[in-house]
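Listed here are the chains, written in short residue letters.
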Amino acid sequence: MSLFGAFVCLALISGPALAQPLRPGAATGAMVDYHVHVKGDLTLEDALRRSRETGIYYGIVINGGLNFPINSDAGLEAFLGEMRGKPAFTAFQAEGREWVRLFTKQALEKFDYVFTDSMTWTDENGKRMRLWIKAEVGVIADPQTFMDTLVNRATGIFDNEPIDIYVNPTFIPEQIAADYDKLWTPERMKKIVDGLAANGIAMEINNRYRIPSAAFIRLAKQSGVKFACGTNNSGAADLGRNEYCAEMIRECDLRSQDFWSPPADAKKAVHRKPLPR
């Protein structure tokens, strides 16, 4: 185990004994959770208290997109106003593929980072689906074709949308999830990793879904893709302490240099890539 991995493990098991307010620039690896939602029974005050107690620096996320309560710059500005002065990163989670036409660069660049996933897209028959909703996905008659479409949609996102992190990465619907390792073939994995590397997008190591796999992480590491730990919690109960990320740090021998950190203003994705209209 690397010295970095040993430190992460010690910090995670020590709990409040090592829980001191972290400087954003000093936190890395599993000591940052870039994907924390304030929703359900978790308030902003609760989240910030837990961050202090665990020593894990949080990125507090607001979701926005088509058919979401937040669907214009006004909603983003209200969230940013609420977060002003709080000891946490501010993050925007772009929902669906329509988001690029709903928000402006001027609003998005005020966030520390922007991320999205490949869990909402439209198939070749014009069917828009959210992959985590079983009824919307329906029967997957041909898993191989479905996976090819998923990879195509994901790489299209990487090439066209100004995002800093790919979150919930490699997620596949419940109907075919048991075959994750079989369906994520080396060829498909390589297309995802190459797309991330070519566009300078980090890959989340997701605590809630325990994805991507170690094989995926090793391949991404070899290609120079950076990693970011995140939870995507549904409330207070499933906001953990980046346990899966710490596990992958040990198993894949990840070092501090393998981890992403929020870029300087001029180097954010929204500055590097225009919003497609």
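Scroll up to find the structure.
Residues numbered from 1 in each chain as written. Predicted model: local features only at pLDDT ≥ 70, side-chain atom pairs only at ≥ 80, totals over all residues. Heavy atoms only, no water.

Caption draft 1: Inspection of helix α8 (residues 186-199) at higher detail. Over its 14 residues, α8 runs 20 Å from end to end, which matches the ideal 20 Å to within 8%, given 1.5 Å per residue. Among all positions of α8, only Arg188, Met189, Ile192, Val193, Gly195, Leu196 and Asn199 are buried. In a view along the axis of α8, the buried residues occupy a sector of 155°, so they form one face of it. In α8, the exposed positions that point more than 90 degrees away from the buried face belong to Pro186, Glu187, Lys191 and Ala198. (Helix = DSSP H or I, 4+ residues; strand = E, 2+ residues; numbered from the N terminus. Expected span 1.5 Å × (residues − 1). Buried < 20%, exposed > 50% of the residue type's maximum accessible area, 1.4 Å probe, protein only. Arc of directions from axis to C-beta.)

Caption draft 2: Representation of the pairing of strand β2 (residues 57-65). Counting buried residues along β2, 9 of its 9 residues qualify, which places the element largely inside the surrounding structure. Side chains Tyr57, Gly59, Val61, Asn63 and Gly65 of β2 all project onto a buried face; the interleaved residues Tyr58, Ile60, Ile62 and Gly64 project onto the opposite face, where all are buried too. What joins strand β1 (residues 32-37) to β2 is helix α2 (residues 44-54), and the crossover it makes is right-handed. As paired elements, β2 and strand β3 (residues 89-95) share 7 bridges and run parallel to each other. If you follow glycine 64 over to β3, its bridge partner there is alanine 94. Handedness of the crossover is the feature at issue here: the chain leaves β2, passes through helix α3 (residues 73-83), returns alongside β3, and the resulting connection is right-handed. (Right-handed = clockwise from strand over helix to strand, strands pointing away. Pairing = 2+ DSSP bridges.)

Caption draft 3: Just the pairing of β1, in detail. Within β1, 6 of the 6 residues are buried, which leaves it mostly tucked inside the rest of the structure. Taken together, the 4 bridges between β1 and β2 define a ladder with parallel strand orientation. In the sheet register, histidine 37 faces β2, and the bridge partner there is valine 61.

Caption draft 4: Summary view of the pattern of salt bridges. Applying the stated criterion across every chain, the model contains 14 salt bridges. Glutamate 98 is paired through a salt bridge with arginine 128; the nearest N and O atoms lie 2.9 Å apart. Of the two residues, glutamate 98 sits in the loop between β3 and α4 (105-108) while arginine 128 sits in strand β6 (residues 128-130), which places them 30 residues apart along the sequence. On the basis of relative accessibility, which here comes to 15%, the residue glutamate 98 falls in the buried class. Two residues, arginine 218 and glutamate 251, come together in a salt bridge whose shortest N-O distance is 3.6 Å. Here glutamate 251 lies in helix α10 (residues 243-251) and arginine 218 lies in helix α9 (residues 214-222), a separation of 33 residues in the sequence. A relative accessible area of 41% places glutamate 251 in the partly exposed class. (Salt bridge = Lys/Arg side-chain N within 4 Å of Asp/Glu carboxyl O.)

Caption draft 5: Structural detail: the environment of aspartate 142. Within the secondary structure layout, aspartate 142 lies in the loop between α5 (134-137) and α6 (143-160). You can call aspartate 142 partly exposed: its relative accessible area is 39%.

Caption draft 6: Highlighting the sheet that holds strand β9 (residues 227-230). Pairing within the open sheet is parallel, and its 7 strands lie in the order β1-β2-β3-β4-β7-β8-β9. Both outer strands of the open sheet, β1 and β9, are each paired with one neighbouring strand and no more. Note: strand β8 (residues 202-206) against β9, 4 bridges, orientation parallel. Bridging from a neighbouring strand, methionine 203 pairs with phenylalanine 227 of β9.

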